[in-house]
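Here's the letter readout for the chains.
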Amino acid sequence: MRVDVVTVFPESLDSLLSVGVIGQARADGRFELHTHDLRSFTDDPHRVVDDRAYGGGPGMVMMIEPLVRAIEAVRLPTGERRVVLLSPQGRTFRQEDAGQWATLDQLVLLCGRYQGVDERIVHFIDEEISIGDYVLAGGEAAAAVIVEATARMVPGVVGQYQSVAGDSFYERRALGAPQYTRPQSFRGHDVPDVLLSGDHERIERARERWAWEKTVRNRPDLLGLRVDPSRDDG
Ligand code: ADE
């Protein structure tokens, strides 16, 4: 599978996506990442990609033409392809999207910047996606999140299948179980005894219970439980 990212900061994604399992998968050719400078899709000698908003208002709006030219230039002629605009106005990205997009031949991610993108872009994309209810300075960090989450769902990218199957959110609405490693005791905090028992059934049951307890505590919304707005976690 390949991901093409169109951005005014093509260098911004490279360091994060060159390390760990994603870096290794790129080196092995199991996953391809291509970044494209949006400014190279302008005719303008000053390579301008934004302009003032019709109707007035603060800030600049990304022009549609360079974005559409970029889509037309980078999109593969055939195959399962999806073109996604990253913006805080999009539908929220979820683990299921990562799993589905990992089966595509190509995912094209367009990074918004400035006050937004000319709304007519909706006619040239498949979907508008946000990574959460907060506003970033641009879509680049969101693209890195989506590339990492999607690439690790490509078969063979994460070594043992088990390590994605046990993930939080993977095929179940619960967080992953808490994990422990050495030392057995740290500043008065001990590893739970059951993990040292060698009894695999008991260990599995304990892990399942801790995962649900943690989900109730941190993400009651995943279980369809009411979230208490007055709760102070501080
Ligand atoms: N660009 C700015 N904020 C964003 C967000 N939350 N998700 C995706 N792209 C964005």
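In this text, all values refer to a predicted model and were calculated from it rather than measured experimentally.

Peer 1: Would you mind going over the overall build of the chain with me for this structure?
Peer 2: For the chain, the count of helices and strands is 6 helices and 10 strands. Based on the C-alpha atoms only, the size of the chain along its principal axes is roughly 70 × 50 × 35 Å. Out of the 234 residues in the chain, the part that is buried amounts to 38%. Looking at the chain alone, contacts between residues at least 24 apart form 71% of all its contacts between residues at least 6 apart. As displayed, the chain offers around 14,200 Å² of accessible surface, 49% of which is attributable to carbon and sulfur atoms. Put simply, the chain has 28 plus and 37 minus side-chain charges, and the middle of one group is 4 Å from the middle of the other.

Peer 1: Just checking my understanding: could you explain the side chain of H36 for this structure?
Peer 2: Structurally, H36 is set in strand β2 (residues 32-37). The contacts of H36, once residues within four sequence positions are left out, are D4, V5, V6, T7, P10, F41 and V74.

Peer 1: Even after reading the chapter, I still don't get the environment of R81, so can you show me in this structure?
Peer 2: The residue R81 is located in strand β5 (residues 81-92) in this model. Once the C-alpha coordinates of R81 and E213 are considered, the two residues, 132 residues apart in sequence, prove to be 40 Å apart. For R81, the residues in contact, after removing those within four places along its chain, are R75, L76, L104, Q106 and D126. Separated by 3.3 Å, the side chain of R81 and the backbone oxygen of P77 make a polar contact.

Peer 1: What am I meant to see in the nonpolar core here?
Peer 2: Among soluble globular proteins, nonpolar side chains are generally buried collectively. Grouped together as the largest cluster of nonpolar side chains are 31 residues, with contacts concentrated most on V5, L86 and L109. With 7 residues, the single largest contributor to this core is helix α4 (residues 140-151). When near neighbours in sequence (up to four residues on either side) are disregarded, L109 contacts V3, D4, V5, V6, V84, L86, A143, I146 and V147. The next biggest cluster of nonpolar side chains, apart from the first, holds 19 residues, and it includes L38, A70, I71 and L110.

Peer 1: What should I look at first to understand the packing of aromatic side chains in this one?
Peer 2: Geometrically, a pair of aromatic rings is defined through the distance of the ring centres and the angle of the planes. Scanning the entire structure with this criterion turns up 2 aromatic pairs. With a centroid separation of 6.3 Å and an interplanar angle of 75 degrees, the aromatic rings of Y180 and W210 are classed as edge-to-face. Residue Y180 is located in the loop between α5 (161-165) and β9 (185-186), and its partner W210 is located in helix α6 (residues 200-218); the two are separated by 30 residues in the primary sequence. Since its relative accessible area comes to 43%, Y180 is described here as partly exposed.

Peer 1: When you look at the sheet that holds strand β4 (residues 60-62) in this model, what are you seeing that I'm missing?
Peer 2: Sheet strands line up and pair through hydrogen bonds in the backbone, either parallel or antiparallel. In space, the 3 strands of this open sheet follow the order β3-β4-β7, with mixed pairing throughout. With one partner strand each, in any of the chains shown, β3 (50-52) and β7 (116-117) form the two edges of the open sheet.

Peer 1: Hey, could you run me through unusual backbone geometry in this one?
Peer 2: Looking along the chain, the bond that leaves R182 and enters P183 is cis, with omega of 5 degrees. Structurally, the position occupied by P183 is in the loop between α5 and β9. Of note, the phi angle at R47 is positive, near 55 degrees, even though the residue is not glycine. Taking the relative accessible area as the measure of exposure, R47 reaches 35% and is therefore partly exposed. Phi at Y114 takes a positive value of approximately 60 degrees, unusual for a residue other than glycine. If you trace the backbone, Y114 turns up in the loop between β6 (106-111) and β7. With relative accessibility at 35%, the residue Y114 sits in the partly exposed group.

Peer 1: Got a minute to help me understand the domain arrangement of the chain in this structure?
Peer 2: The figure often quoted for interface size is the accessible area lost as the parts come together. Considered domain by domain, the chain is made up of domain 1 (2-151) and domain 2 (173-223). On a C-alpha basis, the centroid separation for the pair domain 1 and domain 2 is 37 Å.

Peer 1: So what exactly am I meant to see when it comes to the site of the ligand here?
Peer 2: Among the 13 residues in the neighbourhood of the ligand, the closest are listed as S87, I131, G132, Y134 and L136. Here a nitrogen atom of the ligand sits 3.2 Å away from a polar atom, N or O, in the main chain of G132. The backbone of L136 places a nitrogen or oxygen atom 3.0 Å from a nitrogen atom of the ligand. In isolation the ligand exposes 260 Å². Once the protein is present, 97% of that is buried. Elements with a contribution of two residues or more to the shell around the ligand: β5 and β8 (127-130). When residues of the shell around the ligand are assigned to their parent elements, the largest contribution, 3 residues, is made by β5.

The rules behind these values
Residues numbered from 1 in each chain as written. Predicted model: local features only at pLDDT ≥ 70, side-chain atom pairs only at ≥ 80, totals over all residues. Heavy atoms only, no water. Helix = DSSP H or I, 4+ residues; strand = E, 2+ residues; numbered from the N terminus. Buried < 20%, exposed > 50% of the residue type's maximum accessible area, 1.4 Å probe, protein only. Contact = heavy atoms within 4.5 Å. Areas by Shrake-Rupley, 256 points an atom, 1.4 Å probe, with all protein chains shown as cover. Lys, Arg positive; Asp, Glu negative; His and termini not counted. Charge placed at Lys NZ, Arg CZ, Asp CG, Glu CD. Polar contact = N/O pair within 3.5 Å; in protein donor to acceptor, adjacent residues only side chain to side chain. Core = buried A, V, L, I, M, F, W, Y, C linked by side-chain atoms within 4.5 Å. Phe/Tyr/Trp six-rings, centres within 6.5 Å; stacked < 30°, edge-to-face > 60°. Pairing = 2+ DSSP bridges. Domains from an automatic or database assignment. Near = heavy atom within 4 Å.

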